Amino acid sequence: MKLYDVPRNTYVRIVDPDVGVPVGAFGLNVGEVIKFGHIDGMYSYCTNLDGNTVHAKAWTEVEIVDPPSDTRSEGK
């Protein structure tokens, strides 16, 4: 599933080996779980499990996963 097809505020796992981010942004890896916020132009507004803002390409291939059970996922 493409990231642009994911409902807002959904946890997803990156499955695209060619995940791209803007220059100077936090990097992302295959298998990493992020919380999708929304699409913002070519990229997305998401947070990683440490609460950092990350920006995957809008067309990144992902799979929807259950929310993690630890509190790090809420940026605390």
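Residues numbered from 1 in each chain as written. Predicted model: local features only at pLDDT ≥ 70, side-chain atom pairs only at ≥ 80, totals over all residues. Heavy atoms only, no water.

Colleague: How should I be thinking about the pairing of strand E3 (residues 43-48) in this particular structure?
Modeller: Burial of E3 is one-sided: the residues Ser44, Cys46 and Asn48 facing one way are buried, the residues Tyr43, Tyr45 and Thr47 facing the other way are not. Where strand E2 (residues 33-40) and E3 come together, 6 bridges link them in antiparallel fashion. Bridge pairing links His38 to Tyr45 in E3. Between E2 and E3, which pair antiparallel one after the other, the connecting turn spans 2 residues, and Gly41 there sits at a positive phi close to 75°. Judged from the 2 bridges that link them, E3 and strand E4 (residues 53-54) form a sheet pairing that is antiparallel. Bridge pairing in E4 links Thr47 to Thr53. Here E3 folds back onto E4 in antiparallel fashion, the turn holding 4 residues, of which Gly51 has a positive phi close to 90°. (Buried < 20%, exposed > 50% of the residue type's maximum accessible area, 1.4 Å probe, protein only. Helix = DSSP H or I, 4+ residues; strand = E, 2+ residues; numbered from the N terminus. Pairing = 2+ DSSP bridges.)

Colleague: Explain a nonpolar patch on the surface to me, please; I cannot follow it from the model alone.
Modeller: On the surface, a nonpolar cluster with roughly 400 Å² of combined accessible area is contributed by Tyr4, Ile39, Met42 and Trp59. Locating Trp59 in the fold gives a position in the loop between E4 and strand E5 (62-64). (Patch = residues over 30% accessible without salt bridge, like charges linked within 9 Å, V, L, I, M, F, W, Y side chains within 5 Å. Areas by Shrake-Rupley, 256 points an atom, 1.4 Å probe, with all protein chains shown as cover. Salt bridge = Lys/Arg side-chain N within 4 Å of Asp/Glu carboxyl O.)

Colleague: Mind showing me how you'd approach the nonpolar core here?
Modeller: Nonpolar side chains in soluble globular proteins tend to end up buried together. In this structure, Leu3, Val6, Val12, Ile14, Val19, Leu28, Ile34, Phe36, Cys46, Val54, Ala56 and Val62 together form the largest nonpolar core, which totals 12 residues. For this core, the elements supplying multiple residues, two or more each, are strand E1 (10-14) and E2. Here Val19 is in contact with Ile14, Leu28, Asn29, Ala56, Lys57 and Thr60, once residues within four sequence places are set aside. (Core = buried A, V, L, I, M, F, W, Y, C linked by side-chain atoms within 4.5 Å. Contact = heavy atoms within 4.5 Å.)

Colleague: When you look at the pattern of salt bridges in this model, what are you seeing that I'm missing?
Modeller: Pairing between side chains of opposite charge can happen when their charged atoms approach one another. Summed over all chains, the structure comprises 3 salt bridges. Between Lys2 and Glu61 there is a salt bridge, and its shortest N-O distance comes to 3.4 Å. Here Lys2 is found in the segment before E1, whereas its partner Glu61 is found in the loop between E4 and E5, with 59 residues between them in sequence. Lys2 sits in the partly exposed class, given a relative accessible area of 30%. Looking at Glu61, the relative accessible area reads 26%, which means it is partly exposed.

Colleague: Is there a simple way to think about the sheet that holds E4 in this case?
Modeller: What holds strands together in a sheet is hydrogen bonding between their backbones, with the strands either parallel or antiparallel. Pairing within the open sheet is antiparallel, and its 5 strands lie in the order E4-E3-E2-E1-E5. Edge positions in the sheet fall to E4 and E5, since each has one partner strand and no second.

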